[in-house]
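A look at the structure
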Amino acid sequence: MSFKIAIIGAGSVGFTKKLFTDILCVPEFRDVEFALTDVSEHNLTMIKAILDRIVEANKLPTKVTATTERRKALDGARYVISCVRVGGLEAYAEDIRIPLKYGIDQCVGDTICAGGILYGQRNIPVILDFCKDIREVAESGAKFLNYANPMAMNTWAAIEYGKVDTIGLCHGVQHGAEQIAEVLGAKDKSELDYICSGINHQTWFVDLRLNGRKIGKDELVAAFEAHPVYSQQEKLRIDVLKRFGVYSTESNGHLSEYLPWYRKRPDEINKWIDMSDWIHGETGGYLRHSTETRNWFETEFPQILESASKPIDPAKRSNEHASHILEALETNRVYRGHFNVKNNGVITNLPADAIIESPGFVDRFGINMVAGITLPEACAATCISSINVQRMSVHAAVSGDLDLLKLAVLHDPLVGAVSTPEEVWQMVDEMIVAEARWLPQYAHAVEGAKDRLSRGKVKTRDWKGAASRNVRSIEELRAEKAAMKQAG
């Protein structure tokens, strides 16, 4: 069969390569056309060379094109996959740096909290441009698969305002399930079955079965506390499990910034996080990691190109949802996964308009969600707090309403636990001024924000966060790794 897949943000070299090889693991997809598009022609050139090498090495008829003209890439596409980061690391650094001056200590800052909300303000106008192009030039009924964060906000905007058939995809559920299988001593991950439901990055394992046997809270707590690594890396996550009765899909660091209890006091933060890796709660951890490794594909390009000469191994197909969804839609081989869609009653105790992440089945007739799930009350309460922030953030991003944006930030759980309204108003002014080039919907408000900042009364603090590290270059990281290897 032949159809066209467009990948927006294809210059994300590693992730695009993974999606591409996953899709080509499906025998029926040998004749598919991949249209790559990105704002960086340099990155496009590199990823196209890698994908061309894969096609050549496997003697496939697959067609790969690359262009910086997005509409050209989307023209006639049946599926559009987005993995963009609007503003890149330059804007992302402001998402972390500015809130930190006001005492808001984020580990990732890309979902909600001050950083995630501003990230959504940058992304949503671009997402809506994508949707306009999809409606106008893609195949009729084309599906939009969004991998970009903030997942819920982007997907919400694409469905409500973009009017495109959209599904949001993430891998947090799979990673959480792998942890659970490990602590329970499963010999194979297929021994674990589960229902996971909630909203993106706040999804909960509400039903766990190991070889058909139901796993309760006490057994799971004991298994995590006995694990020599996770007992240290996931302290906050285990505490939430003890109190809520269910395990969260999201990493220790991510989860800490969606709740109002664990990152609000500088002297308490280190009690709950682990510094062995950024994902466990380091201040600005993902920004540091991304900055240090931003050019890894440049330095590793010869090795990546060489590895692309190897045959595709279907046994190494990843658990990213995209290829499995396409396979189910096109071949009718049923796939079960966890997807981000509009609720519309699927989860009984979350708002109908919210973007939820919950189980569904895919076949030729589309994505069919499992309805009638009721979350434990504490989980629902936590999700609803974030949903209210997401809703205001989406509507602010579309309307350019600065007051609504400030109210969204004010209602964020962690921001509200740390900051006063006066601090929030000044912080948001500072953020829209710093990020103005990526926020066209607030162009009318920038001069007013500058004027207010010039008369600002709120004192900020020179605070580097409770657990921060110095950024290192990829060359320094490589030298450090080599020294460690030499030392044995």
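The rules we used
- Each residue is numbered by its place in its chain's sequence as written, counting from 1.
- Owing to the predicted nature of the model, reporting of local features is limited to residues with pLDDT of at least 70; listing and counting of side-chain atom pairs is limited to 80 or more, with chain, interface and lining totals taken over all residues.
- Here the side-chain values reflect all heavy atoms present in the structure, with hydrogen atoms and water set aside.
- Here a helix means four or more residues in a row that DSSP labels H or I, a strand means two or more in a row labelled E, and each is numbered from the N terminus.
- Our radius of gyration is a C-alpha quantity, and the globule rule it is checked against amounts to 2.2 Å times the number of residues to the power 0.38.
- Each residue's exposure class comes from its accessible area (1.4 Å probe, protein chains only) as a fraction of the maximum for that residue type: buried when under 20%, exposed when over 50%, partly exposed otherwise.
- Only heavy atoms matter for contacts: two residues are in contact if any of them lie within 4.5 Å across the pair.
- Per-residue and other accessible areas were derived by the Shrake-Rupley procedure at a 1.4 Å probe size, with only the shown protein chains allowed to occlude residues.
- One fewer than the residue count of a helix, multiplied by 1.5 Å, yields its expected span.
- UniProt positions are given in the numbering used here, feature names are shortened, and annotations may be inferred rather than shown by experiment.
- Patch membership requires more than 30% relative accessible area and the absence of a salt bridge. Residues of like charge join within 9 Å; the nonpolar side chains Val, Leu, Ile, Met, Phe, Trp and Tyr join within 5 Å.
- Put simply, a salt bridge is a Lys or Arg side-chain nitrogen that is within 4 Å of an Asp or Glu carboxyl oxygen.
- Any N or O atom pair separated by 3.5 Å or less is treated as a polar contact, with the protein-specific requirement of one donor-capable and one acceptor-capable atom, and with residues adjacent in sequence counted only for side-chain atom pairs.
- Paired strands, as defined in this entry, are two strands with at least two bridges between them according to DSSP.
- As defined here, a cavity is a set of points on a 1 Å grid over the protein atoms alone where a 1.4 Å probe fits but cannot get out. A pocket is an open set with protein on both sides within 12 Å along at least five of seven lines, and residues line them when an atom is within 4 Å of a point.
- Grid points are joined across faces, edges and corners, and a volume is the space filled by probe spheres set on the points.
- Charged means Asp, Glu, Lys or Arg here, nonpolar means Ala, Val, Leu, Ile, Met, Phe, Trp, Tyr, Cys or Pro, and polar covers whatever is left, Gly included.
- When the centres of two rings from Phe, Tyr and Trp lie within 6.5 Å, Trp using its six-membered ring, the rings pair. Their planes under 30 degrees apart give stacked, over 60 give edge-to-face, and anything left gives tilted.
- Both a distance and an angle decide whether a charge sits over a ring: NZ of Lys or CZ of Arg must be within 6 Å of the ring centre and within 35 degrees of the ring normal.

1. Observations regarding the overall build of the protein
Secondary structure assignment for the protein yields 22 helices and 13 strands. Computed over C-alpha atoms, the radius of gyration of the protein comes to 22 Å, within 12% of the 23 Å expected from 2.2 N^0.38 for 488 residues, which places it in the range of a compact globule. Dimensions of the protein along its principal axes, counting C-alpha atoms only, are 65 × 55 × 55 Å. The burial tally for the protein puts 57% of its 488 residues in the buried class. A separation of at least 24 residues holds for 71% of the contacts in the protein among residues at least 6 apart in sequence. As presented, the protein carries roughly 20,100 Å² of accessible surface, and 51% of it is formed by carbon and sulfur atoms.

2. Brief notes about helix α7 (residues 172–183)
Here α7 is twelve residues long and its end C-alpha atoms lie 17 Å apart, about the 16 Å a rise of 1.5 Å per residue gives. Within α7, nine of the twelve residues are buried, which leaves it mostly tucked inside the rest of the structure. Within α7 the residues assigned to the buried category are G172, V173, Q174, G176, A177, Q179, I180, A181 and V183. Two residues or fewer after α7 comes G185, characterised by a positive phi angle close to 80°.

3. With respect to the UniProt feature "binding site: substrate" (unreviewed entry) in the protein
UniProt's entry tags N149 with the feature "binding site: substrate" (unreviewed entry), counted in the numbering of this structure. Mapped onto the fold, N149 is located in the loop between β5 (143–146) and α6 (151–160). For N149, a relative accessible area of 17% translates into the label buried.

4. Remarks on a nonpolar patch on the surface
On the surface, a nonpolar cluster with roughly 240 Å² of combined accessible area is contributed by V334, F361 and V370. By the element assignment, V334 lies in the loop between α16 (321–331) and β11 (335–342). The class of V334 is exposed, set by a relative accessible area of 58%.

5. Re the UniProt feature "site: Increases basicity of active site Tyr" (unreviewed entry) in the protein
Feature annotation in UniProt places "site: Increases basicity of active site Tyr" (unreviewed entry) on D110, given in this structure's numbering. Among the secondary structure elements, D110 is positioned in the loop between α4 (88–101) and α5 (113–137). When residues no more than four places from it in sequence are discounted, the contact partners of D110 are G116, Y119, N149, P150, H201, H254 and Y258. Looking at D110, its side chain comes within polar contact range of the side chain of T111, at 3.0 Å.

6. Section: the pattern of salt bridges
Opposite charge on two side chains lets them pair, provided their charged atoms get close. Inspection of every chain in the model, using the stated rule, returns 31 salt bridges. We note a salt bridge from R97 to E94, for which the minimum N-O separation is 2.5 Å. With R97 and E94 both in helix α4 and three residues apart, this pair spans about one turn of that helix. Between R452 and D429 there is a salt bridge; the shortest N-O distance is 2.8 Å. In this pair, R452 is assigned in helix α21 (residues 446–454) and D429 in helix α20 (residues 421–434), connecting sequence segments 23 residues apart. Given a relative accessible area of 3%, D429 falls into the buried group.

7. Quick look at unusual backbone geometry
In the segment running from N149 into P150, the intervening peptide bond is cis, with an omega of -5°. Take P150: it is sitting in the loop between β5 and α6.

8. Some details on the pairing of β11
Of all eight residues in β11, seven are buried; the element is thus mostly enclosed. Sheet topology note: the β11/strand β12 (residues 355–363) ladder contains eight bridges and is antiparallel. Looking at β12, one finds that K342 is bridged to I355.

9. Describing the layout of surface pockets
What the second largest pocket holds in volume is close to 550 Å³. Q174, K189, Y194, N319 and R336 are, among the 18 residues lining the second largest pocket, the residues nearest its centre. Every element with two or more residues in the lining of the second largest pocket is listed here: α7, β7 (192–199), α16 and β11. Counted by class, the lining of the second largest pocket contains five nonpolar, eight polar and five charged residues.

10. Digging into the packing of aromatic side chains
For the structure on display, the rule yields 15 aromatic pairs. Connected via pairs of aromatic rings, a cluster forms that spans Y194, F205, F224, Y230 and Y247. Sitting over the face of the ring of Y92, R85 holds its NZ or CZ atom 4.4 Å from the ring centroid.

11. A word on the environment of A322
Along the chain, A322 falls in helix α16. Residue classification places A322 among the buried residues on the basis of a relative accessible area of 0%. For the pair A322 and G120, spaced 202 residues apart in the sequence, the C-alpha separation amounts to 22 Å. Apart from the residues lying within four places of it in its own chain, the contact partners of A322 are L19, I81, L145, Y147 and L169.

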